Amino acid sequence: MRCHEASEWMSLRLDGLLDAQEKRMLDAHLGTCTSCRAEWERMSVACALFAQPAMVAPPGDMQSRIMTRVSRYNARVRLVRRVLLGFLAVLIGGALMMAPVLETLQHTSHSANWLEGAREAARVMLAAGGTLVQSLLLMVDAAAFAPAWALAGAYALLIGGLAAVWMRLVSRAQRGALGPTTAARQRLTGRS
Amino acid sequence: MGADQEREWVLGAREGDQECFGNLVQAFQGPVYNLAYRMLGNSAEAEDAAQETFLRVYRRLDSYDPQRKLSSWILSIASHYCIDCLRKRRGVMVSMEEINSWRWVPDDRPKPEERVMDVEASDAMRQMLDGLPPQYRLVIVLRYWQDLSYAEISEVTGASISAVKSRLHRARQMMATQVKESEQYQVQHTTERRESVNALSRSF
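Residues numbered from 1 in each chain as written. Chains lettered and ligands numbered in written order. Predicted model: local features only at pLDDT ≥ 70, side-chain atom pairs only at ≥ 80, totals over all residues.

Colleague: How should the overall build of chain B be read in this particular structure?
Modeller: Helix and strand counts for chain B stand at nine helices and zero strands. Put simply, chain B has 204 residues, and 35% of those count as buried. Within chain B, residue pairs in contact and separated by at least 24 positions form 63% of the contacts whose partners lie at least 6 positions apart. (Helix = DSSP H or I, 4+ residues; strand = E, 2+ residues; numbered from the N terminus. Buried ≥ 20, exposed ≤ 12 C-beta atoms within 10 Å, placed from the backbone. Contact = placed C-beta atoms within 7 Å.)

Colleague: I would appreciate a short explanation of the overall build of chain A in the present structure.
Modeller: For chain A, the helix and strand inventory stands at seven helices and zero strands. When the helices and strands of chain A are listed from N to C terminus, the series reads α-α-α-α-α-α-α. Considering chain A as a whole, with its 192 residues, one finds that 10% of them fall into the buried category. Excluding contacts between residues fewer than 6 apart, the proportion of contacts in chain A whose partners are at least 24 apart in sequence is 53%.

Colleague: Help me understand the interface of chain A and chain B, please; the structure alone is not making it clear to me.
Modeller: How big an interface is tends to be stated in terms of the accessible area lost upon association of its parts. Each side of the interface is counted separately: chain A has 33 residues, and chain B has 38 residues. Sorting the residues of the side of chain A that touches chain B by element identifies helix H1 (3-14), helix H3 (34-48), helix H4 (62-107) and helix H7 (180-191) of chain A as the ones contributing at least two each. Looking at the side of chain A that touches chain B, the element that brings in the most residues is H4 of chain A, giving eight residues. Split by residue class, the side of chain A that touches chain B holds 20 nonpolar, six polar and seven charged. (Nonpolar A, V, L, I, M, F, W, Y, C, P; charged D, E, K, R; others polar.)

Colleague: How should the nonpolar core be read in this particular structure?
Modeller: The nonpolar side chains of soluble globular proteins are, as a tendency, buried together. Residues and elements named next belong to chain B. Formed by 60 residues in total, the largest nonpolar core has its most connected members in Leu35, Ala36, Ala78 and Val139. For this core, the element with the highest residue contribution is helix H2 (residues 18-40), accounting for 11 residues. When residues no more than four places from it in sequence are discounted, the contact partners of Leu35 are Leu75, Ala78, Ser79, Cys82, Val141, Trp145 and Gln146. (Core = buried A, V, L, I, M, F, W, Y, C linked by C-beta atoms within 7 Å.)

Colleague: I keep staring at the confidence of the model for chain A and nothing clicks. Help me out?
Modeller: Atom-level detail of predicted coordinates should not be read off regions where pLDDT is low. All names here are of chain A. Per-residue confidence for chain A averages 77 on the pLDDT scale, and 69% of its residues sit at or above 70. Between the elements of chain A, mean pLDDT differs from a low of 51, seen in H7, to a high of 95, seen in helix H2 (residues 20-32). Overall, residues 176-180 carries pLDDT values under 50, and its contacts beyond four positions in sequence, including any with other chains, amount to 10 contacts. (pLDDT = per-residue confidence, 0-100.)

Colleague: Could you clarify how one ought to interpret helix H4 (residues 70-90) of chain B in this entry?
Modeller: An α-helical turn contains 3.6 residues, so a residue and the one three or four places further along point in the same direction. All names here are of chain B. In this model, H4 (21 residues) spans 31 Å end to end at C-alpha, consistent with the 30 Å of a helix rising 1.5 Å per residue. For H4, the complete set of buried residues consists of Leu70, Trp73, Ile74, Leu75, Ala78, Ser79, Tyr81 and Cys82. Tucked inside the fold, the buried residues of H4 contact helix H1 (3-14), H2, helix H3 (43-59), helix H7 (134-144) and helix H8 (150-157). (Expected span 1.5 Å × (residues − 1).)

Colleague: How should I be thinking about the packing of H2 of chain B against H7 of chain B in this particular structure?
Modeller: For any two helices packed against each other, the geometry comes down to the angle between their axes and how far apart the axes lie. Residue and element names in this part refer to chain B. Running from N to C, H2 and H7 cross one another at 140 degrees; their axes reach a closest spacing of 10 Å. By the criterion of interaxial angle, the relationship of H2 to H7 is oblique. As H2 runs across H7, the sense of the crossing is right-handed. On H7, the residues touching Leu35, Arg38 and Met39 of H2 are Arg137, Leu138 and Val141. In terms of residue class, the contact of H2 with H7 is built from four nonpolar, no polar and two charged. (Axes fitted to C-alpha atoms, helices over the stretch in contact; angles between N-to-C directions. Parallel < 35°, antiparallel > 145°, perpendicular 65-115°, else oblique. Left-handed = near helix turned anticlockwise from the far one by under 90°.)

Colleague: Whenever I open this one, unusual backbone geometry confuses me. Can you help?
Modeller: Trans is the prevailing form of peptide bonds, just as negative phi is the prevailing case for residues other than glycine. Although it is not a glycine, Asp147 of chain B sits at a positive phi angle of roughly 55 degrees. Relative to the helices and strands, Asp147 of chain B resides in the loop between H7 and H8.

Colleague: What am I meant to see in the packing of H4 of chain B against H7 of chain B here?
Modeller: Residues and elements named next belong to chain B. Orientation of H4 relative to H7, taken along the N-to-C sense of each, is 145 degrees, at an axis distance of 10 Å. As for how H4 packs across H7, the hand of that crossing is right-handed. Along the contact surface, H4 presents Ser79, Ile83, Leu86 and Arg87, while H7 presents Pro134, Gln135 and Leu138. Of the residues belonging to the contact of H4 with H7, the class tally is four nonpolar, two polar and one charged.

Following this line, the structure appears as structure tokens:
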């Protein structure tokens with residue numbers, strides 16, 4: 001038996017993982033090798049310190065402090081979710097409101113300078129949108145698709161993308177594993 | 001504490017039931033606190049680590065795999081946190097060279113919270129643990145304080161069983177070296193003292 005192997009076996013022996021024959025083999029080596037015997041004695045001395053490890057009791061109010069932190073975390077998650085949903089609502093609402101505003105701007109006669117500016121901006125935006133649609137149609141033509149189908153597809157893609165972004169944002173806020181129904185339940189229990 | 005009971009707590013806590021999570025904390029705060037206490041060496045940091053561990057457990061409840069033993073999962077979160085703390089404390093990542101050149105230095109600082117019954121033995125025990133690099137300290141603590149088998153230690157640490165085996169072996173070798181050094185230190189110390197006493201008696 002090599003000394004390195006013997007050293008590994010010492011560790012196994014301290015964990016009670018050697019059978020009777022292996023123990024005899026190790027003992028035989030320890031009987032002939034003084035440096036291994038010294039190592040074995042020191043290892044045993046060191047590990048004897050842990051034979052009956054002292055357990056310490058956690059502070060009595062630790063659990064309540066943990067629970068306080070958990071509910072603070074829940075409150076933060078709820079807040080973030082509410083802010084995100086609110087922001088999205090404002091965004092979508094704003095986008096929907098832009099359409100009639102732009103429409104009106106197109107038809108009103110220029111009465112003030114700021115209105116002129118806004119009209120210009122709207123025109124640019126519409127032009128940009130038009131270019132986008134045109135390039136889309138060009139691509140569609142190039143691919144020899146029926147334009148109506150392609151438009152529907154592009155629209156579905158856009159909606160899908162928006163939905164994915166939205167899901168990502170909301171699921172990030174919900175990383176604490178709380179569905180909306182659970183959150184509602186928590187609000188109720190929190191109040192009671 | 002059955003596995004069914006644990007599953008119930010986890011499911012309840014996932015649904016946002018605070019009482020379920022409270023039961024879970026109650027059941028595992030002892031093991032987690034003891035692990036942190038032995039890894040970090042003082043009660044203040046141990047409590048911080050235990051709190052942080054349970055907060056992480058709460059945040060990650062969704063990713064818990066019910067096939068896994070709950071205690072192993074919680075202890076692995078605690079272990080990772082403690083190892084990170086120890087690494088930050090040292091300010092640098094521990095490289096293999098550092099592990100090999102790690103040596104025990106006698107530590108004479110007073111440790112008030114340890115003044116229980118067996119001061120001498122627990123001081124020796126603490127010095128022994130303090131002298132081990134984090135990964136090696138972890139396997140010793142899991143082996144002795146949590147009384148885990150090699151397979152369970154492997155589940156907690158994420159290392160293979162053979163890696164656990166060799167880490168325990170290396171840790172014990174390091175501790176044997178510490179015992180050797182303290183023997184030499186004592187021998188040197190008593191010789192020095194004897195010499196100074198002799199010198200003193202000669203001078204009279």
